[in-house]
Amino acid sequence: MGLFHKKDSRSHDSRNDKAAIRPSVTIDKLSEYSIRSPKLVSDSGSNGHLPRMVTTIPNNVEIPPAPDPATKPAAYLRSIQSVRERSRLVLMRAKSNSLNHFNVDMSKFQETADYVMSIIKRDYAGDYANIPPHGRWQHFEVGGRPRVTQLLQSWPTTIDNQERTRRLIDLFLVSVLLDAGAGTSWSYKSKESGRMYSRSEGLAVASLEMFKAGYFSSDKNQPHQVDASGLKNVTVETLAKGMQVSDANPMSGLEGRAGLLIRLSSALQNPELFGTEGRPGNMIDYLMSHPTTQAASVPVVPLPTLWSVLMDGLTDIWPATRTKIGGVSLGDAWNCTTMPTSPPAEAWENIVPFHKLTQWLCYSLMVPMTKLLNVHFAGAELMTGLPEYRNGGLLVDTGLLTLKDADAKKGLETYQRVTPSNKAVEVVPMFEPGDDVVVELRAVTVGFLDELLAAVNKGLGARLTLAQMLEAGTWKSGREIAQVSRPITKGPPIGIISDGTVF
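Residues numbered from 1 in each chain as written. Predicted model: local features only at pLDDT ≥ 70, side-chain atom pairs only at ≥ 80, totals over all residues. Heavy atoms only, no water.

A. Structural context of helix α13 (residues 303-313). Along α13, nine of the 11 residues are buried, which leaves the element largely enclosed by surrounding structure. Listed in full, the buried residues belonging to α13 are Leu303, Pro304, Thr305, Leu306, Trp307, Val309, Leu310, Met311 and Gly313. (Buried < 20%, exposed > 50% of the residue type's maximum accessible area, 1.4 Å probe, protein only. Helix = DSSP H or I, 4+ residues; strand = E, 2+ residues; numbered from the N terminus.)

B. Just the packing of helix α3 (residues 109-124) against helix α18 (residues 466-485), in detail. At a minimum axis distance of 9 Å, the contact between α3 and α18 shows a crossing angle of 105°. One finds that α3 runs roughly perpendicular with respect to α18. Facing Tyr115, Val116, Ile119, Ile120, Arg122, Asp123 and Tyr124 of α3, the residues of α18 in contact are Ala472, Gly473, Thr474, Lys476, Ser477, Glu480 and Ile481. Tallied by class, residues from the contact of α3 with α18 come to seven nonpolar, three polar and four charged. (Axes fitted to C-alpha atoms, helices over the stretch in contact; angles between N-to-C directions. Parallel < 35°, antiparallel > 145°, perpendicular 65-115°, else oblique. Contact = heavy atoms within 4.5 Å. Nonpolar A, V, L, I, M, F, W, Y, C, P; charged D, E, K, R; others polar.)

C. Examining the environment of Lys371 more closely. You can see Lys371 is positioned in helix α14 (residues 356-373). Note on Lys371: relative accessible area 1%, which makes it buried. As for Lys371 and Thr165, which are separated by 206 residues in sequence, their C-alpha atoms are 9.0 Å apart.

D. Structural context of the packing of helix α15 (residues 389-397) against helix α17 (residues 436-460). Relative to each other, α15 and α17 sit at 80°, their axes nearing to 9 Å. Judged by the inter-axis angle, α15 sits roughly perpendicular to α17. Note on element contacts: α17 touches α15 through Leu441, Val444, Thr445, Phe448, Leu449 and Leu452, opposite Asn391, Gly392, Leu395 and Val396. Among the residues making up the contact of α15 with α17, the classes are represented as seven nonpolar, three polar and no charged.

E. Geometry of the confidence of the model for the protein. For the protein, mean pLDDT is 86; residues scoring 70 or higher make up 86% of the total. The low-confidence segment residues 1-55, where pLDDT is below 50, has 139 contacts with residues more than four positions distant or belonging to other chains. (pLDDT = per-residue confidence, 0-100.)

F. Main features of the pairing of strand β5 (residues 299-302). Burial along β5 is two-sided: the face carrying Pro299 and Val301 and the face carrying Val300 and Pro302 are both buried. Relative to β5, strand β4 (residues 294-295) runs antiparallel, the two being bridged by two bridges. Counted as the bridge partner of Gln294 is Val300 from β5. Sheet topology places β5 next to strand β10 (residues 376-378); three bridges connect them, and they run parallel. Residue pairing in the sheet places Pro302 in a bridge with Ala378 of β10. (Pairing = 2+ DSSP bridges.)

Below is the structure:
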């Protein structure tokens, strides 16, 4: 028996006949990236129960360095390491109040940290260790309904944990790719509960119900999967129907979302990574048999190995108009005039990478692999805070960042141009995703999130991971302060014209 035991035609190749490591078991406490909430699972064997066990994690896992930007600039800018390294250059400018588009009041930094701490204390005082990591799982369970657990329980007990994990990865990957900003007007009425949801939670519930209805599967006998053939049937019209989009319920970036899923169909036709069926969930077979994966009492996968699957395996899903170096598309990476090397000696020196949706995928996919298959991801600290409108909006709403007058004027003119006159409420400056204002804001957001983590841990006397602070602190704080500052739309202080592929 290999690490995974297959029982049907879903077996891909001999990679899964690797020398035996151990039978698969389930646990719920592995590392800082596991979800430690027993309420999220059931109590019946492979139907969701995650019994506790002691694990031994090797401390000598080698994490490969980022490629040398001098010789491989495109590969470097596509690496996870480049996100923090490049963003910190903008952070240094911010600390000296030398940004091009924002004034920075560092006296507000501690106030921002105190606000984040107050939210964490309110919800988790005395229980900081049990804060779950930031991930899609929590969004599915909006309103206190354990939808992922219920999904696991709905499957026969004959479905083993490997296949359960594949199905969750199928679901989570599609759901994350649909999670760009939907705008302030869209909402979704759950067919199962009749309740209305908007924004990330609405997109999560909508994508889950579409998944359960078989929107993304080519197998009528198994609707609960995503595969390349099933995604070929996705159109703007089918996605609009599934997400209840209409003239009265508009969604920003609908065409961009549909385009991502259509291109995903082609990207999944990579048998080495996604099996002969082209299922996202089959990546676990590739990861478990990868030469860098170590076998201790649990499988240990270097984070860059997972990163490579997502960055390289899904590279073709991103719009062809994105920034390129030497003809290589960089994905979510943008020119930024705030870089201290501007004008640069080399073209790559002016570019800041973010890879927000890819990082959101990593955070989200690590959770089911950890919970159901005991996988530990070495080097997960390479991940950064997510440069999206909740985290960035927090910095603006607390006064740490203030948009400069000329940029505010430009943004307000854009708002008036793109917003129907009968819907102009809570006016905010608005920009395109590639605007230098937005790139600068995203870069400084990544940098300040690292700074906030240190301040929050010091203030709380805790050892939160970045993923835990994102979940219980900054993302939630950004949302709550937006609800107070703009109670009608509850939107961010700076609007982004969503194309469905960035935020």
